[in-house]
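Understanding the architecture of this molecule
One-letter residues, chain by chain:
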Amino acid sequence: MKDKLHFNTATIHGGQKPDEAYGAVMPPIYQTSTYAQTTPGEHKGFEYSRTHNPTRQALEKSLASIESGAFGFAFGSGLAAMDAVLKLLKPGDEIISTDDLYGGSYRIFKKIFEGFGLKFHFVPMHDTELISSCINKKTKLIWLETPTNPMMNVIDIQAVTQLVKDKEILVAVDNTFASSYIQQPLTMGADIVMHSATKYLAGHSDVILGALIVNSSILAERIGFIQNASGAICGPMDSFLTLRGIKTLHVRMQRHCENAAMIANFLKDHSKIEKVYWPGFKSHPNHLVAKAQMKDYGGMLSFVTKGADYHAAIKIIERLKLFTLAESLGGVESLAGHPASMTHASIPKDIREKSGVVDALIRLSIGIEDVRDLISDLDQAIG
Ligand code: P1T
């Protein structure tokens with residue numbers, strides 16, 4: 001058998017083996033904080049669950065496998081995973097980040113780590129010259145989200161990694177919106193992949209969890225140290241749920257993508273809709289990059305109503321019946337969100353509007369229901 005599994009096999013078997021105690025096919029939920037030692041330092045490889053836990057370890061091996069990486073780390077949330085990446089840096093270091101990103105990511109950058117002496121530059125990353133113009137000797141990290149939340153901009157990962165190839169600058173990719181099914185940034189030269197596994201990886205809106213995946217053993221050692229020293233780990237039950245979610249990632253993603261494509265086209269042709277943001281359209285400014293870099297175009301899209309009318313947008317959201325108005329994304333059920341007042345409210349209005357997050361913008365996370373029911377719900381809500 002080949003060493004490297006195809007993706008649809010890696011989701012189910014990658015890094016997994018039946019449990020050694022009783023042969024359980026799914027790793028048991030090892031709900032324990034500590035492990036018996038026969039004499040100090042003599043044990044079965046586990047001492048304390050902040051450091052290692054067998055259920056979390058099974059998930060971490062799965063994460064590494066589906067991202068084509070060597071080492072996976074699981075955290076209590078996507079933001080806890082980001083926090084660990086930022087702790088690789090020191091005061092005075094500079095970070096270049098995409099200007100269109102999850103509001104909570106912007107908040108941890110500006111409201112937490114800026115206070116510890118890190119400096120952030122936010123730039124639209126489709127323009128590599130703009131990125132270059134921000135690079136200096138203090139630059140230590142490039143943070144990119146692609147597709148971006150919520151404007152669905154697509155950033156050329158390889159172009160960014162090429163830009164810093166000979167420099168000591170880490171490239172980290174937040175792969176939450178695409179999921180490992182659609183793209184694997186480590187294969188494009190990125191150093192770190194981050195996930196809010198809360199979303200597509202877990203896939204059922206029942207867990208909050210974050211992930212980091214890397215190839216370098218030096219980086220893995222540093223991240224492992226931070227994970228244990230700062231302690232923002234996830235529990236065994238959440239590890240189990242995420243592992244179970246990953247096993248169906250490929251089949252769920254196929255349906256998310258199919259449904260989103262049909263809904264994007266339905267909205268594009270609708271007389272009351274001004275603009276639809278979805279990278280599968282030939283007219284999308286980054287369509288060619290998306291086509292080359294992504295296996296499919298994902299399950300997320302955003303749109304604005306004609307005349308960019310805030311009240312019309314809110315009415316649509318309130319009239320939706322199948323789509324639930326809620327934060328988050330990537331679960332089997334369809335959700336609608338109002339980024340300006342919900343997920344991106346922590347970004348000052350003038351800054352978020354510059355990247356397109358206007359008050360009339362609606363974001364949809366397309367689930368895996370029958371697309372005919374989703375379209376009819378949108379149709380009645382738009383009116
Ligand atoms: O919620 P948490 O697991 O901590 O993940 C944070 C996060 C990081 N990166 C991206 C791209 C995200 O979308 C998120 C969380 N986003 C939402 C809750 C949302 O509705 O957009």
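What this report covers is the structure whose coordinates are included nearby.

Cut-offs and rules
- Note that residues are indexed from 1 along each chain, following the sequence as it is written.
- Totals for whole chains, interfaces and linings use all residues, but because this is a predicted model, local features are given only for residues with pLDDT of at least 70 and pairs of side-chain atoms are given and counted only at 80 or more.
- Where side-chain values are given, they derive from all heavy atoms of the structure, hydrogens and water being excluded.
- Site definitions follow a grid-based scheme: protein atoms alone, a 1 Å grid, a 1.4 Å probe that fits but cannot get out for cavities, and for pockets an open set with protein on both sides within 12 Å along at least five of seven lines, plus lining residues having an atom within 4 Å of a point.
- Grid points are joined across faces, edges and corners, and a volume is the space filled by probe spheres set on the points.
- Residues are grouped as follows: Ala, Val, Leu, Ile, Met, Phe, Trp, Tyr, Cys and Pro are nonpolar; Asp, Glu, Lys and Arg are charged; every other residue, Gly included, is polar.
- Going along the chain from the N terminus, every DSSP run of H or I of four or more residues is numbered as a helix, and every run of E of two or more is numbered as a strand.
- Categorising residues by exposure relies on relative accessible area from a 1.4 Å probe, with only protein chains included: less than 20% of the type maximum marks a residue as buried, more than 50% marks it as exposed, and the intermediate range marks it as partly exposed.
- One heavy atom within 4 Å of a molecule or strand makes the whole residue count as near it.
- Any N or O atom pair separated by 3.5 Å or less is treated as a polar contact, with the protein-specific requirement of one donor-capable and one acceptor-capable atom, and with residues adjacent in sequence counted only for side-chain atom pairs.
- Method for areas: the Shrake-Rupley scheme with a 1.4 Å probe, in which residue coverage is limited to the protein chains shown.
- We call two residues in contact when some of their heavy atoms are within 4.5 Å.
- When a carboxyl oxygen of Asp or Glu is within 4 Å of a side-chain nitrogen of Lys or Arg, the pair counts as a salt bridge.
- Angles run from 0 to 180 degrees between N-to-C directions of axes, and those axes are lines fitted to C-alpha atoms, restricted for helices to the stretch in contact.
- Working definition: roughly parallel below 35 degrees, roughly antiparallel above 145 degrees, roughly perpendicular at 65 to 115 degrees, and oblique for all remaining angles.
- Crossing handedness is read from the near helix: turned anticlockwise from the far helix by less than a right angle, it gives a left-handed crossing, and turned clockwise, a right-handed one.

Topic: the layout of surface pockets
To find leftover empty space, one rolls a probe the size of a water molecule over the atoms. Each pocket or cavity is described by its volume, and for the largest pocket that value is around 610 Å³. Around the largest pocket sit 22 residues that line it, and D19, E20, Y30, F46 and P54 are the ones nearest its centre. By residue class, the composition of the lining of the largest pocket is 13 nonpolar, four polar and five charged.

As for unusual backbone geometry
Looking along the chain, the bond that leaves T146 and enters P147 is cis, with omega of -10 degrees. Within the secondary structure, P147 is located in the loop between strand 4 (139–145) and helix 6 (157–163). Look at S179: it is not a glycine, yet its phi comes out positive at around 75 degrees. By the element assignment, S179 lies in the loop between strand 5 (170–174) and strand 6 (192–196). Look at S179 and you get buried, because its relative accessible area is 0%. Of note, the phi angle at S328 is positive, near 85 degrees, even though the residue is not glycine.

Comments concerning the site of the ligand
Looking at the ligand, there are 17 residues lining it, with D174, T198, K199, S328 and R363 nearest. Between the ligand and R363, the relevant distance is 2.8 Å, taken from an oxygen atom to a side-chain nitrogen or oxygen of the residue. Taken by itself the ligand offers 480 Å² of open surface, and the protein chains cover 94% of this. Sorting the residues of the shell around the ligand by element identifies helix 3 (78–86) and strand 6 as the ones contributing at least two each. Looking at side-chain class alone, the shell around the ligand contains four nonpolar, eight polar and five charged residues.

Notes on helix 8 (residues 236–246)
The buried count for helix 8 comes to eight of 11 residues, which makes it a mostly enclosed element. As for helix 8, its buried residues are in contact with helix 1 (7–13), helix 2 (54–66) and helix 9 (249–268).

Describing the pattern of salt bridges
Following the criterion strictly, the structure yields 10 salt bridges and no others. Across the salt bridge formed by K349 and E353, the nearest N and O atoms sit 3.1 Å from each other. Of this pair, K349 and E353 both sit in helix 12 (residues 349–354), four residues apart, which is roughly one turn of that helix. A relative accessible area of 41% places K349 in the partly exposed class. On the accessibility criterion, E353 (32% relative accessible area) is partly exposed. Close ionic contact of R372 with D370 constitutes a salt bridge, the shortest N to O distance being 2.8 Å.

Concerning the packing of helix 3 against helix 4 (residues 103–113)
How two helices pack is summed up by the angle between their axes together with the distance between the axes. At a minimum axis distance of 11 Å, the contact between helix 3 and helix 4 shows a crossing angle of 45 degrees. In terms of orientation, helix 3 lies oblique with respect to helix 4. Where helix 3 crosses over helix 4, the handedness of that crossing is right-handed. On the side of helix 3, the interface is formed by L79, M82, D83 and L86, while helix 4 contributes G104, S105, R107, I108, F109 and F113. Its residues placed into classes, the contact of helix 3 with helix 4 shows six nonpolar, two polar and two charged.

A closer look at helix 4
The set of residues buried in helix 4 consists of G103, G104, S105, Y106, I108, F109 and F113. Against helix 3, strand 2 (94–98), strand 3 (119–123), strand 4 and helix 12 lie the buried residues of helix 4.

Some remarks on the environment of P279
Within the fold, P279 resides in the loop between strand 8 (273–277) and helix 10 (287–293). Apart from the residues lying within four places of it in its own chain, the contact partners of P279 are M152, V154, H284, H287, A290 and Y297.

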